[in-house]
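In case you want the letters, here they are:
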2 protein chains.
Amino acid sequence: MDGGKLTTVDLKSIIINDPFWNRYIDLVDYVILPFQWELINDQVEGAEKSYCIRNFRIACGDEKGDHKGMVFQDTDVAKWLEAAAYSLAKKRNPKLEAAADSAIDLIARAQCEDGYLNTYYTITGEKRWSDLLEGHELYTAGHMIEAAVAYYEATGKNKFLHVVCKFADYMCTVFGKEEGKIHGYPGHPEVELALVKLYRVTKMTKYLELADFFVQTRGERPCYFLNEDCVKNQNFIFPEFKDFDLDYNQSHMPLKEQETAEGHAVRAVYLYSAMADLAYEYQDQELLKQCETLWNNIVEKRMYITGSIGSASYGERFTTDYDLPNNSNYSESCATVGLAMFSNRMFQITRDGKYTDIVEKALYNTLLAGIALDGKHFFYVNPLEVVPEIAEKNPTYRHVKTTRQLWFGVACCPPNIARTLASLGNYVYASEQNTVYVNLFVGSRIETDLSSGHVELLLSSDYPVKGDVTLEITPEMDGQEFTVGIRKPSYSGKAELSVNGIKEAVCLEKGYLYLTRKWKAGDKITVVFDVSFRFVRCNPRVRDNIGKVCLMKGPMVYCLEEADNGKYLASDIMDSSVPPKEEFDESLLGGTMCAGLEGMRIDYSRVGDTLYEEERPSYIKDTFKAIPYCCWNNRGKGEMIVWMREK
Amino acid sequence: MDGGKLTTVDLKSIIINDPFWNRYIDLVDYVILPFQWELINDQVEGAEKSYCIRNFRIACGDEKGDHKGMVFQDTDVAKWLEAAAYSLAKKRNPKLEAAADSAIDLIARAQCEDGYLNTYYTITGEKRWSDLLEGHELYTAGHMIEAAVAYYEATGKNKFLHVVCKFADYMCTVFGKEEGKIHGYPGHPEVELALVKLYRVTKMTKYLELADFFVQTRGERPCYFLNEDCVKNQNFIFPEFKDFDLDYNQSHMPLKEQETAEGHAVRAVYLYSAMADLAYEYQDQELLKQCETLWNNIVEKRMYITGSIGSASYGERFTTDYDLPNNSNYSESCATVGLAMFSNRMFQITRDGKYTDIVEKALYNTLLAGIALDGKHFFYVNPLEVVPEIAEKNPTYRHVKTTRQLWFGVACCPPNIARTLASLGNYVYASEQNTVYVNLFVGSRIETDLSSGHVELLLSSDYPVKGDVTLEITPEMDGQEFTVGIRKPSYSGKAELSVNGIKEAVCLEKGYLYLTRKWKAGDKITVVFDVSFRFVRCNPRVRDNIGKVCLMKGPMVYCLEEADNGKYLASDIMDSSVPPKEEFDESLLGGTMCAGLEGMRIDYSRVGDTLYEEERPSYIKDTFKAIPYCCWNNRGKGEMIVWMREK
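Just so it is clear, the model here is predicted, and its values are computed rather than measured. (Residues numbered from 1 in each chain as written. Chains lettered and ligands numbered in written order. Predicted model: local features only at pLDDT ≥ 70, side-chain atom pairs only at ≥ 80, totals over all residues. Heavy atoms only, no water.)

1. So, the sheet that holds strand 14 (residues 523–529) of chain B
In sheet architecture, strand pairing relies on hydrogen bonds along the backbone and comes in two forms, parallel and antiparallel.
Next, step 1: In space, the seven strands of this open sheet follow the order 2-6-7-8-14-10-11 (chain B), with antiparallel pairing throughout. Of all the strands in the sheet, the pair left with one neighbour each is strand 2 (14–16) and strand 11 (502–503) of chain B. (Pairing = 2+ DSSP bridges. Helix = DSSP H or I, 4+ residues; strand = E, 2+ residues; numbered from the N terminus.)

Below is the structure:
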């Protein structure tokens, strides 16, 4: 471990103002949070009922009724509170804070005497911790803890934090290696990383130890889950999963022996995030190495170019190396959130830009593709190729939606996207003693305290439309010496850096340009990255992308849509020898940089009705227009393709 | 209707002796029938228990116990009896006949007083006809009737025929449009075509009328199934199908309005076969036209080049036009049997060779691919592209088996393949008044009575290895005048026909070469078809085959296997400008005509470990070996591909 872990910069000290991100950030504050509040309160006409707040009222005794919704329905309010906290950290908002406080009051009242908190088990009276495999109690606890920590950090109010501490204290008496305690661990990891967060804010080591216990115990033989009643009696909460192997939840072998990313993708990356946290906290080099092995397996063999993971719908899971089908994949939005979390943690430990590259890829592509520009419609599943007529008629693709949905029965993704957008600042900067790291090129202003003193940074950029990024520096006092580390994205061959207009030769280390000097107010660093359009190929071991190219600009993946290019996108051939033209389209989605491509299309007017014949189809030259993948499906239903045939 | 329907030639009058088919036919007689008899009697170590015969013993009261197996488990013995009957028709076999007679005795004793026959409902005491949607009573009845008719025709014994007539008589009192009768129809069509067969052998019009009732009533609004208790109470025999739409079983609209092939592929083609039968029997031009429309929809838009159907596993069903994925398809062996049945019926009505072309395609490719050369292992699912590592790890392909299985829980396909092979003669010839039709070029000898007198035909051929077919004719008397119709397969451009060595210009009508003359003993017709290797392309509306070719020889589809060509078949590129070489391989599967191809492969030794990069992979020239698709997977597990990339 090279000397400690970077920390994120306090969200209260970051103001984002960026031509690309503003519209998304604003969506969270002005649309998503109010809308999701209405949703969890069952106030949206036409949307499926959430029952989330109602369950808490019933658990408190305020209302009579049965628990409704999923066993983990409570997490909807937790994720909403976490997103609300991040929003409040940036800017106080009395109305939002009042809503959050009311939810927290309700949660506090729903807590049992002994600290236990879960409306499903409280209302139904089912036996606590009797179904760690699918009961989601610890998963739900984890989201409560994450929310409480965020709310405390944002507002300084500690009521919610006390609630979750009491809950965590109780869990510490229930789980552990000591005799009489449960030697189990959650079917769905999440509480582990949450407990580390709780430890960091409270400094109570028992929380860290409980997280470590859950991680270390996972997958021990004989597998804990096989002795649970739900398995023995084949009485599953989710009967459709009864045939799942243990690798579905990463309990197929002791965790320390796992070297490939397996099973449910969200569970996997939440678990690996906690492993990274523990590797850092315990300075465990072996665990860190394992995290690297798992991360490499994902990024080098099991990740889509859009930063999404999960090649199969059944099990929403990883499958095997180089298996990346473009149209039947799951690529859940939540899994991308988890991949960004895991990667960001790995960067904070290793200071290696290859991890931040993946954070950037995940955020600029799949995370944003998950949300419509109205802020009210979401994708869970993020295919790289869709033909609506087929996706709607062939049940192999029945998980694929051809338009974003208002709100799903299982509402994990929308609030997960919201909390990630609301906490974007956490991904933009990091700092350590006397160094500030610029990870993402998102227009913003931060203040942070380095060992040399207070520093202000103003980042301006039109990234990724343009590749130049300017950092204006305001130290506490002129002549203050500290280091600025600026990520050089791996896609950019060159990276010209100048200070106050004068070119500087700087040290490049693991993807970061480091500049140490005595700064004075008004110093300007300018870096220019190469964000020109480029064609990328896939490793040919991925059978689905053989003979194909993907168009990228900076971190952004581009795609063809039917709205611009007509039908039968799968047969269009791009001429990659012709450089794509930059075509900024004011009318498209509030202004978007598009690409003009040259290529050939099949002349379908001359294609007959025979299914099998001996002739080859004839092609005609044509031009094509590509748009950013994150913007797809904002103009109605239609075909979309990322990997295009190459001439 | 052009003057009546062709009839099949009595199986008793056909002896097949063909270098290609002998090994399969022999398999039925010497391996499959004895083996399946042991299987349905639960005498095979290591195979899943069938319980089929045991259920009948319990139903008779010979044994105590519960019904085990599927609701339609009885059909296993029915299909076995049908195959046994065809085998006995060709050649008496006392041991086989004794086994069949014993099964028939048991069946007769299991029949209820009123004629009802079904071990599941008899043993469980569940209410008869209460679940037409999924109870499979009528489906099971249909297979019993087919078996009984076949057994009667083969042996002249009428015991089994009496049993099914009694059952059918009873069904006629239960179902029908009259008040007090059930206005429903089977969830799984099959009884319809069986009742037509029973009508033809008994001349009892009420059987034909019942078949017609079932067909005409199907899909009437409101849909019968929606008022069944199983649907109203959501109490399904197959709960995994509860979300299925009505098109799954072709009851989504009145049958007369259906113009596209929808739903479960086996159900669809069994139903369409019955429709073709009824169109003929009632001389119903409109119904015939509808059959043509449905058949065209299948063959022009929804059929694999291997003659298989069913693009999706979930629902084992048709999906939509031009949706033909090669690796996630279902392509059930039974559906191919049904397609051959439907197509053969359409030929017999229309005398159009386009139908026989599909019979031939189905039999030479998917039917044979369904069975291993040991006769004991079977495929239900017949993909056109398999990568075992992926099929076994990605649950999207969990229906795909990477090696043939000994016997499945649902044992529809093995006996269905057996009965089709055992009755191959029915597909080889047809006849009408004074014309004999040669449909398939299978070495054989037939005797048949035309209006001009008795005729013997001896067909010799090494088809499809070679394209020349010889027919030696022996009329009852010299100078006897009649017509021989020989199918000219649509793939063959030329077709040179000569009689006794002298070229004859003959009339080609709807794919048949007609030759009418006065024949004398020893006359020899020789036809030469072009069965040289050819590359076939797919309509580019099928996105999965864009830029690819398929190698064919005559009716046979070829494929690449890993055993001959190594891994990563999906990236191999064939040079279609180089004519494939004929390479007969004595060592392969008892002697098989293979193809030597030229092309390029990616040099994987130079492919790096990066997943996404900007370089194109480099290719090296190489040669490839293709084998018939029907022979794949007889040399262990490995990759296989039908549609190959084309240079």
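2. Points about the pattern of salt bridges
Residue and element names in this part refer to chain A.
Next, step 1: Across all of its chains, the model carries 90 salt bridges over all chains by this definition.
Next, step 2: Between D523 and K520 there is a salt bridge; the shortest N-O distance is 3.1 Å.
Next, step 3: Between K647 and D575 there is a salt bridge; the shortest N-O distance is 3.8 Å. Pair noted here: K647 is in the segment after strand 24 (644–646) and D575 is in the loop between strand 18 (573–574) and strand 19 (581–585), with a separation of 72 residues, a long-range link.
Next, step 4: The class for K647 is exposed, based on a relative accessible area of 52%.
Next, step 5: Salt bridges linked by common partners bring E82, E146, K197 and R419 together as one network. (Salt bridge = Lys/Arg side-chain N within 4 Å of Asp/Glu carboxyl O. Buried < 20%, exposed > 50% of the residue type's maximum accessible area, 1.4 Å probe, protein only.)

3. Points about the packing of aromatic side chains
Next, step 1: Taken as a whole and assessed by the stated rule, the structure comprises 72 aromatic pairs over all chains.
Next, step 2: When the centroid spacing of 5.4 Å and the interplanar angle of 25° are considered together, the rings of F20 of chain B and Y364 of chain B count as stacked. Placement of the pair is F20 of chain B in the loop between strand 2 and helix 1 (22–40) and Y364 of chain B in helix 14 (residues 353–369), with a sequence separation of 344 residues. Comparing F20 of chain B with Y364 of chain B, the two get one shared label, buried.
Next, step 3: Here a set of aromatic residues connected by ring pairs shows up, and it is made of F20, W21, Y24, Y364, F441, Y463 and F529 of chain A. (Phe/Tyr/Trp six-rings, centres within 6.5 Å; stacked < 30°, edge-to-face > 60°.)

4. Some points on the relation of the copies chain A and chain B
Next, step 1: Once chain A has been moved 0.0 Å along the axis and rotated by 180°, it coincides with chain B to within an RMSD of 0.0 Å. Such values leave the two copies arranged in the relation of a two-fold axis. For chain A, the smallest separation between a C-alpha atom and the rotation axis is recorded for T396 of chain A, amounting to 3.6 Å.
Next, step 2: Here 100% of the contact residues of chain A are again contact residues in chain B; the copies associate through an equivalent surface. (Least-squares fit on C-alpha atoms with pLDDT ≥ 70 in both. Contact = heavy atoms within 4.5 Å.)

5. Digging into the environment of K206 of chain B
All names here are of chain B.
Next, step 1: Along the chain, K206 turns up in helix 9 (residues 205–217).
Next, step 2: In this structure K206 comes out as partly exposed when scored by relative accessible area, which is 31%.
Next, step 3: The sequence separation of K206 and D169 amounts to 37 residues, and the corresponding C-alpha distance is 8.3 Å.
Next, step 4: Those residues in contact with K206 that lie beyond four places of it in its chain are D169 and C172.
Next, step 5: A polar contact of 3.1 Å, which involves the side chain of K206, links it to the side chain of D169. (Polar contact = N/O pair within 3.5 Å; in protein donor to acceptor, adjacent residues only side chain to side chain.)

6. Side note on the packing of helix 2 (residues 52–60) of chain A against helix 3 (residues 74–90) of chain A
Residue and element names in this part refer to chain A.
Next, step 1: Axis separation between helix 2 and helix 3 bottoms out at 7 Å; the angle between their running directions is 110°. The angle between the axes of helix 2 and helix 3 places the two elements in the roughly perpendicular class. For the pair helix 2 and helix 3, the crossing hand works out as left-handed. Contact residues: helix 2 offers C52, I53 and F56, while helix 3 offers D74, D76 and V77. (Axes fitted to C-alpha atoms, helices over the stretch in contact; angles between N-to-C directions. Parallel < 35°, antiparallel > 145°, perpendicular 65-115°, else oblique. Left-handed = near helix turned anticlockwise from the far one by under 90°.)

7. Remarks on the interface of chain A and chain B
Next, step 1: In this assembly, 65 residues from chain A lie in contact with 65 residues from chain B.
Next, step 2: Summed over both sides, the interface between chain A and chain B buries roughly 5,100 Å², with carbon and sulfur atoms accounting for 54% of that surface.
Next, step 3: In terms of surface lost to chain B, no three residues of chain A exceed R543, L611 and Y612 of chain A, which account for 16% of the buried area on that side.
Next, step 4: Between chain A and chain B we count six salt bridges in total.
Next, step 5: E614 of chain B serves as the salt-bridge partner of R534 of chain A, at 3.6 Å between the closest nitrogen and oxygen.
Next, step 6: Inspection of the region where chain A meets chain B yields 28 residue pairs in polar contact (both at pLDDT 80 or more).
Next, step 7: When contributions to the side of chain A that touches chain B are tallied by element, the ones reaching two or more residues are helix 12 (285–302), helix 15 (388–393), strand 15 (533–538), strand 21 (612–613) and strand 24 of chain A.
Next, step 8: Split into classes, the residues belonging to the side of chain A that touches chain B amount to 30 nonpolar, 14 polar and 21 charged. (Buried area = accessible area lost by both parts, 1.4 Å probe. Nonpolar A, V, L, I, M, F, W, Y, C, P; charged D, E, K, R; others polar.)

8. Let's talk about the pairing of strand 10 (residues 495–499) of chain B
Residues and elements named next belong to chain B.
Next, step 1: One ladder, built from five bridges, connects strand 10 with strand 14; its direction is antiparallel. Bridge pairing links S498 to T526 in strand 14.
Next, step 2: As paired strands, strand 10 and strand 11 are joined by two bridges and run antiparallel to one another. For V499, the partnering residue across the bridge sits in strand 11 and is I502.
Next, step 3: Between strand 10 and strand 11, which pair antiparallel in sequence order, lie two residues; one of them, N500, sits at a positive phi of approximately 50°.

9. Section: unusual backbone geometry
Next, step 1: Between Y463 of chain A and P464 of chain A the backbone carries a cis peptide bond, its omega angle lying at 0°.
Next, step 2: Inspection of the secondary structure puts P464 of chain A in the loop between strand 7 (453–461) and strand 8 (468–475).
Next, step 3: Residue P222 of chain B is bonded to the preceding R221 of chain B through a cis peptide linkage, with omega at -10°.
Next, step 4: Summarising the element assignment, P222 of chain B is placed in the loop between helix 9 and helix 10 (229–232).
Next, step 5: Here K510 of chain A, not a glycine, exhibits a phi torsion of approximately 40°, which is positive.
Next, step 6: Structurally, K510 of chain A is set in the loop between strand 12 (507–509) and strand 13 (512–519).
Next, step 7: Residue class for K510 of chain A comes out partly exposed when judged on its relative accessible area of 38%.
Next, step 8: Within the chain, K203 of chain B stands out as a residue other than glycine whose phi angle is a positive 65°.
Next, step 9: Within the secondary structure, K203 of chain B sits in the loop between helix 8 (191–202) and helix 9.

10. A closer look at the pairing of strand 6 (residues 444–450) of chain A
Successive side chains on a regular strand alternate, one facing one side of the sheet and the next facing the other.
Residue and element names in this part refer to chain A.
Next, step 1: Only one face of strand 6 is buried: it carries S444, I446, T448 and L450, and the other face, with R445, E447 and D449, is open.
Next, step 2: Sheet topology note: the strand 2 (residues 14–16)/strand 6 ladder contains three bridges and is antiparallel. Among the inter-strand pairings, I14 is bridged to a residue of strand 6, identified as I446.
Next, step 3: In this antiparallel pair of consecutive strands, strand 6 and strand 7, the connection spans two residues.

11. Description of the packing of helix 12 (residues 285–302) of chain B against helix 14 of chain B
Residue and element names in this part refer to chain B.
Next, step 1: Running from amino to carboxyl end, helix 12 crosses helix 14 at an angle of 45°, the nearest separation of the two axes being 12 Å. By the angle class used here, helix 12 and helix 14 are oblique. As for how helix 12 packs across helix 14, the hand of that crossing is left-handed. In contact with E292, W295, N296 and V299 of helix 12, helix 14 contributes K354, Y355 and I358.
Next, step 2: Residues of the contact of helix 12 with helix 14, tallied by class, amount to four nonpolar, one polar and two charged.

12. Topic: the environment of S13 of chain B
Residues and elements named next belong to chain B.
Next, step 1: Following the sequence through the fold, S13 ends up in the loop between strand 1 (7–8) and strand 2.
Next, step 2: Linking S13 and E392, residues 379 residues apart in sequence, is a C-alpha distance of 47 Å.
Next, step 3: Contact partners of S13, with chain neighbours within four places excluded, come to R445, I446 and E447.

13. Quick look at the domain arrangement of chain A
Residue and element names in this part refer to chain A.
Next, step 1: Considered domain by domain, chain A is made up of domain 1 (9–428), domain 2 (433–529) and domain 3 (533–646).
Next, step 2: Distance between the C-alpha centres of domain 2 and domain 3: 37 Å.
Next, step 3: Contact residues are listed per partner, giving four residues for domain 2 and seven residues for domain 3.
Next, step 4: Of the roughly 480 Å² buried between domain 2 and domain 3 on both sides combined, carbon and sulfur atoms contribute 76%.
Next, step 5: Counting the surface domain 2 buries against domain 3, the share from its top three residues, P464, V465 and Y491, is 93%. (Domains from an automatic or database assignment.)

14. Focus: helix 9 (residues 205–217) of chain A
All names here are of chain A.
Next, step 1: The end-to-end C-alpha separation of helix 9 is 18 Å, in line with the 18 Å expected for 13 residues at 1.5 Å each.
Next, step 2: All buried positions along helix 9 are accounted for by Y207, L208, L210, A211, D212, F213, F214, V215 and T217.
Next, step 3: Residues of helix 9 that are buried make contact with helix 6 (137–155), helix 7 (159–174), helix 8 (191–202) and helix 11 (265–281).
Next, step 4: Of the residues trailing helix 9, G219 is marked for its positive phi of about 80°. (Expected span 1.5 Å × (residues − 1).)

15. A word on the sheet that holds strand 1 (residues 7–8) of chain A
Residue and element names in this part refer to chain A.
Next, step 1: Taken together, the six strands give an open sheet; going across it, the order is 1-4-5-9-13-12, and neighbouring strands pair in mixed fashion. Of all the strands in the sheet, just strand 1 and strand 12 have a single pairing partner and so form its edges.
Next, step 2: Alignment of strand 12 against strand 13, held across three bridges, turns out to be antiparallel. The residue of strand 13 that forms the bridge with E509 is Y512.

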